[in-house]
Amino acid sequence: DAELAAIREVFEETGLVVAIVRLLAVYSPIQGANEIILVYHARPIEGDGGELLAGEEVQDVGVFAADELPADIGFPQHLEIINNWFKRAVAA
């Protein structure tokens, strides 16, 4: 199940226990690769959502405003996905 996989990945990479709010977007193809990225809006579970900590597969985690994003976002498409999130948040 894609939603369960997203919940698991968020926990493994950030230490947060989240609930899926909704599917935001589907991106494909990714940088010429034969893969699909599903982007979900998720929120930490109230009361026991865990603590924001970098997991074994990430260097660091943080919360950033649109104008404070790190310069070293892993992949160009990831930056596009993040920027699209901020555009939707402003429009909502």
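Above this note sits the structure.
Residues numbered from 1 in each chain as written. Predicted model: local features only at pLDDT ≥ 70, side-chain atom pairs only at ≥ 80, totals over all residues. Heavy atoms only, no water.

Novice: Explain helix H2 (residues 76-91) here, please?
Specialist: Side chains of residues three or four places apart in an α-helix project in the same direction, reflecting 3.6 residues per turn. Taking 1.5 Å per residue, 16 residues should reach 22 Å; H2 reaches 23 Å between its end C-alpha atoms and fits that length. Within H2, the full set of buried residues consists of Gln77, Ile81 and Asn84. Buried positions in H2, seen along its axis, are confined to an arc of 60 degrees and lie on one side of it. Relative to its buried face, H2 has exposed residues pointing more than 90 degrees away, namely Pro76 and Val90. For H2, the elements touching its buried residues are strand S1 (18-27) and strand S2 (37-44). (Helix = DSSP H or I, 4+ residues; strand = E, 2+ residues; numbered from the N terminus. Expected span 1.5 Å × (residues − 1). Buried < 20%, exposed > 50% of the residue type's maximum accessible area, 1.4 Å probe, protein only. Arc of directions from axis to C-beta. Contact = heavy atoms within 4.5 Å.)

Novice: Looking at this model, I keep getting lost on the layout of surface pockets. Mind explaining?
Specialist: Remark: the empty space left among the atoms is shown by a probe the size of a water molecule rolled over them. Its boundaries defined by the atoms lining it, the largest pocket holds a volume of some 2000 Å³. Lining of the largest pocket is provided by 39 residues; of these, Val10, Glu13, Thr14, Gly62 and Ile82 occupy positions nearest its centre. Listed by contribution, the elements that provide at least two residues to the lining of the largest pocket are helix H1 (2-14), S1, S2 and H2. No other element matches the eight residues that S2 contributes to the lining of the largest pocket. (1 Å grid on protein atoms, 1.4 Å probe; cavity = no way out; pocket = protein on both sides within 12 Å on 5 of 7 lines; lining within 4 Å. Points joined across faces, edges and corners; volume = space filled by probe spheres on them.)

Novice: I tried to follow the pattern of salt bridges on my own but got confused; where do I start?
Specialist: For the structure on display, the rule yields two salt bridges. Across the pair Arg8 and Glu12 runs a salt bridge, and its minimum N-O distance is 3.7 Å. Of this pair, Arg8 and Glu12 both sit in helix H1, four residues apart, roughly one helical turn. With a relative accessible area of 43%, Arg8 lands in the partly exposed category. Taken together, the shared-partner salt bridges connect Arg8, Glu9 and Glu12 into one network. (Salt bridge = Lys/Arg side-chain N within 4 Å of Asp/Glu carboxyl O.)

Novice: What exactly am I supposed to notice about H1 here?
Specialist: The terminal C-alpha atoms of H1 lie 18 Å apart, and with 13 residues this matches the ideal 18 Å at 1.5 Å per residue to within 8%. Where H1 begins, one side-chain oxygen reaches toward the backbone nitrogen of Glu3, 2.9 Å away; that side chain belongs to Asp1. Residue Gly15 follows H1 closely and has a positive phi angle near 80 degrees. (Polar contact = N/O pair within 3.5 Å; in protein donor to acceptor, adjacent residues only side chain to side chain.)

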